[in-house]
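# Descriptive structure summary
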Amino acid sequence: MNFELTEERQMLQDTLRRYLREKYDTATRNKIIESDTGYSAAIWAELAELGVIGALFTEEQGGFGGKGFDLTTVFEELGRAGVVEPFLDTAVLAGGLIADLGNDDQQAHVEEIIAGSLQLAFAHGEPTSRYDLNRVQTTAKSDGDDIVLNGHKAVVVNAEAADMLVVSARESGEPGDNDGISLFLVPADTKGVTIQGYALLAGGRAAEVMLDDVKIPVSARLGAAGKAFDAIEARVAAASVAQVAETLGAMETATRLTKDYLGTRKQFGRPIGTFQALAHRMSDLLIEMEQARSAVINAAGHLESDRSVRESHVSAAKNLMGRAGRLVAEDSIQMHGGIAMTQEYELAHIAKRIVMADHRFGDTDHHLERFIALSAA
Amino acid sequence: MDLSYSEEEKAFREEVRTFLKDKLPKELSDKVRYGGELGKADIERWHAILNEQGWLAPNWPKKFGGAEWNAVQRHIFEEEAAAHHAPRIVPFGLSMLAPVLQKFGSKEQQDHWLPRILNGDDWWCQGYSEPGAGSDLASLKTTAVRDGDHYIVNGQKTWTTLGQHANMIFCLVRTDKEVKQQEGISFLLIDMDTPGIEVRPIVLLDGGAEVNEVWFTDVKVPVENLVGEENKGWTYAKYLLTHERTNIAGVGFSQAGLTAVKRLARAEMAGGKPLIQNPHFAARLAQVEIDLQAMSTTNLRIISKAAAGTAPGVESSMLKVKGTIIRQEINDLARRAAGAYAMPFASEAIEGSNAGLPDPLSAGPVAAQYFNNRKLSIFGGSNEIQRGIIAKVTMGG
């Protein structure tokens, strides 16, 4: 057993933490959130230069990391600083699928991704799929040497900024079947693609993506026809590990701010942290923080394991983080009082990030059911 | 023991329903129902409709132009108003300041201010909290120094709800620094147009700007705007707080909220079936519904006692704590139900959207409401303060 980061990961963590502490404060973030694009191209480029994106890909793929603990090292720092730039979407999800499934031509994009010069989005969820990965209704029909896509993709994060979309569509079977789902690499400006964008409550932007007789060449398919499900599930597992680490980082910021506030805010002539009612609550949060960290480590450490072991730990982590995250976000706000409700105070954004993470890749309940099903199997 | 309403109470409920069906404008109820933002004009419009009916001030005595309803009638009205998605009555003038003026104000103050409140001539806001005086309100530092026929006011108030609409503010100010904190506070009425007042909006985490900071720099306030006696303001403030706590349980809001969650959960699909059939979600829903049923009866028990003339004491603190926990739990269920569609920042009014279709518009700003309503357990005496009161009253010390 060894719970220390490797030297490389430790260096990456230090560099990233230092950079974000200097460059990414609440005023900066709020300005980025209110901007039209919802992210900063300058920060994106600088972080790419620091190796943040390269750390998310394996050496074979052209990066220098790509393992569970590489993802958690990067995303914990991004979460700690409340970074809203779409690393999860461009690199881990869409970029990861290209790296996992792409042919040589398609994999050539990975270099651009790592260099920070390509933006991507993963267009998978649909209005009635909720958190099920196999409930794909969007259709892909062959038409000579072309494929024609039709469907509605819901809450596609980073769709407006994306140069290309990785779109899932069904070539055979019914919604709910694992078989029959394919992935396609679709340039965002392809005829028939309509992107209706909106801001997200916890920063960043997403869109409804309408596919209306979108014609693409067969060569746009990623991997084998109808066989994309396993790759999608594995990539969503990686994204979930990245996301729980990001949430852990945000929770650390929330508890740090709350601890500091309890020590400095005075009411009734004494620091409010000296009231036992608050001191005990703070202690409970710190206990849950340790649980959260362990759940993230468990999930990251099993990301390269067999499917059932991997997915069981992913679901365990998502379930626990949903519960612990809600407790930390709500109690941090409560112990601060009104100040935490103001957008200019750091905790406001951080708390939103923590809670809204439960709405991506499956919430607490979804993963509880999934954990039960995986344990029974 | 009889859990049914009396014939008179049933007839009253019918009367309220008929009124709401006939007189509540759909534009307003749609905004409430789908989480749209109510503007100043919307609220003034609803107040005017209620005033026309004589129901704007249910808790005022008839001699001041109120409806003088008993506690059960008020409860019935609140329940029906929430069920019909009526806008909430803005309480600052009507149910916070007015009872203080009626009990402690001079005849001149009553004759001047009370009709203006009913007619919507003034929009009042509350100047209580300060950056350094939240839960510990008595430590407030805004000063009022007597200078001839005026007080000169200096300081800063915060969390002033809807202060951006207000032309008048009632304030707690310090008029004596030498005595015990609670004994040096006075209750002043201040015209917001007086030179030296500045209102700055506070942007909240849900994107809304409903609260403000109000700054006072050498603001001249005529002495006739002092309510009651100098340095007795804390007594009046405590009296006001007991009125702020009527409808503190928010049963009507919770019932309307639960109905909305069920509607959402019937439309949202999970695993190819409506979410409402999902056992885990159904269990969460049932749990909060069971709690709400019990609290509703607790509320009625306390209200009945109040109707019989016993002033609610520690019970109002209990209702505040339990009521806010339940409302916040319902907000949590609503955001859960919406799934990925809780993520969009839908703070804008969503008139004209296709209710029932799961898209970012029909889910409404459920997550924004969840975050906004974290305030419920913070304001009006935080739940920690309420628990302190409960402990003190029931266990001494």
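Note that this is a predicted model, so its numbers are computed, not measured.

Now for the overall build of chain A. Within chain A, the secondary structure is distributed over eleven helices and ten strands. Expected size for 377 residues packed as a compact globule is a radius of gyration near 21 Å; at 21 Å, chain A falls within 12% of this value. Each principal axis of the C-alpha atoms in chain A carries an extent, and together these give about 80 × 50 × 40 Å. Considering only intrachain contacts with a sequence separation of at least 6, the fraction spanning at least 24 residues in chain A is 74%.

In this section: the domain arrangement of chain B. For interface size, the figure often reported is the accessible area lost on association. All names here are of chain B. Along its sequence, chain B is organised into domain 1 (7-89), domain 2 (122-232) and domain 3 (245-395). Contacts between the two partners involve 17 residues from domain 1 and, on the opposite side, 18 residues from domain 3. Sorting the residues of the side of domain 1 that touches domain 3 by element identifies α2 (26-33) and α4 (71-83) as the ones contributing at least two each. In terms of residue count, the dominant contributor to the side of domain 1 that touches domain 3 is α4 (eight residues). Across the side of domain 1 that touches domain 3, the residue classes tally to six nonpolar, six polar and five charged.

Here we take up the domain arrangement of chain A. The domain boundaries assigned to chain A delineate domain 1 (7-118), domain 2 (121-226) and domain 3 (230-376). For the side of domain 2 of chain A that touches domain 3 of chain A, the per-class residue count stands at four nonpolar, four polar and no charged.

The backbone of D213 of chain A sits at a positive phi, close to 50°, despite the residue not being glycine. Position of D213 of chain A among the secondary structure elements: in strand β7 (residues 205-217). A tally of 11 C-beta atoms within 10 Å means that D213 of chain A is categorised as exposed. With phi around 60°, W159 of chain B is a residue other than glycine that occupies positive phi space. Relative to the assigned elements, W159 of chain B resides in the loop between β3 (150-157) and β4 (168-174).

What follows deals with the packing of helix α4 (residues 68-81) of chain A against helix α8 (residues 276-301) of chain A. Residues and elements named next belong to chain A. Between α4 and α8, the least distance of the axes is 8 Å, while the angle of their chain directions is 140°. Classified by the interaxial angle, the pair formed by α4 and α8 is oblique. The crossing of α4 and α8 is right-handed. Where α4 abuts α8, its residues G68, F69, L71 and T72 lie against V296, A300 and G301. Split by residue class, the contact of α4 with α8 holds four nonpolar, three polar and no charged.

Bringing helix α12 (residues 383-395) of chain B into the picture now. Three- or four-residue spacings in an α-helix give side chains the same orientation, since the helix completes a turn every 3.6 residues. Given a rise of 1.5 Å per residue, 13 residues ought to cover 18 Å, and the 18 Å separating the end C-alpha atoms of α12 of chain B matches this to within 8%. One or two steps after α12 of chain B, the chain reaches G396 of chain B, where phi turns positive at roughly 70°.

With 37 residues of chain A at the contact, the number on the chain B side is 36 residues. Residue assignment for the side of chain A that touches chain B shows that the elements contributing at least two residues are β3 (146-157), β6 (193-199), β7, α9 (307-336), α10 (346-356) and α11 (364-376) of chain A. Considering only residue class, the side of chain A that touches chain B consists of 16 nonpolar, ten polar and eleven charged.

Residues and elements named next belong to chain A. Counting 219 residues, the largest nonpolar core has V166, F184 and V241 as its most contacted members. The element best represented in this core is helix α7 (residues 229-264), accounting for 13 residues. Setting aside its immediate chain neighbours within four residues, V166 contacts A94, L97, I98, L120, F122, A123, L183, L185 and L222.

Reading guide: rules and limits
Residues numbered from 1 in each chain as written. Chains lettered and ligands numbered in written order. Predicted model: local features only at pLDDT ≥ 70, side-chain atom pairs only at ≥ 80, totals over all residues. Helix = DSSP H or I, 4+ residues; strand = E, 2+ residues; numbered from the N terminus. Rg over C-alpha atoms; globule rule 2.2 N^0.38 Å. Contact = placed C-beta atoms within 7 Å. Domains from an automatic or database assignment. Nonpolar A, V, L, I, M, F, W, Y, C, P; charged D, E, K, R; others polar. Buried ≥ 20, exposed ≤ 12 C-beta atoms within 10 Å, placed from the backbone. Axes fitted to C-alpha atoms, helices over the stretch in contact; angles between N-to-C directions. Parallel < 35°, antiparallel > 145°, perpendicular 65-115°, else oblique. Left-handed = near helix turned anticlockwise from the far one by under 90°. Expected span 1.5 Å × (residues − 1). Core = buried A, V, L, I, M, F, W, Y, C linked by C-beta atoms within 7 Å.

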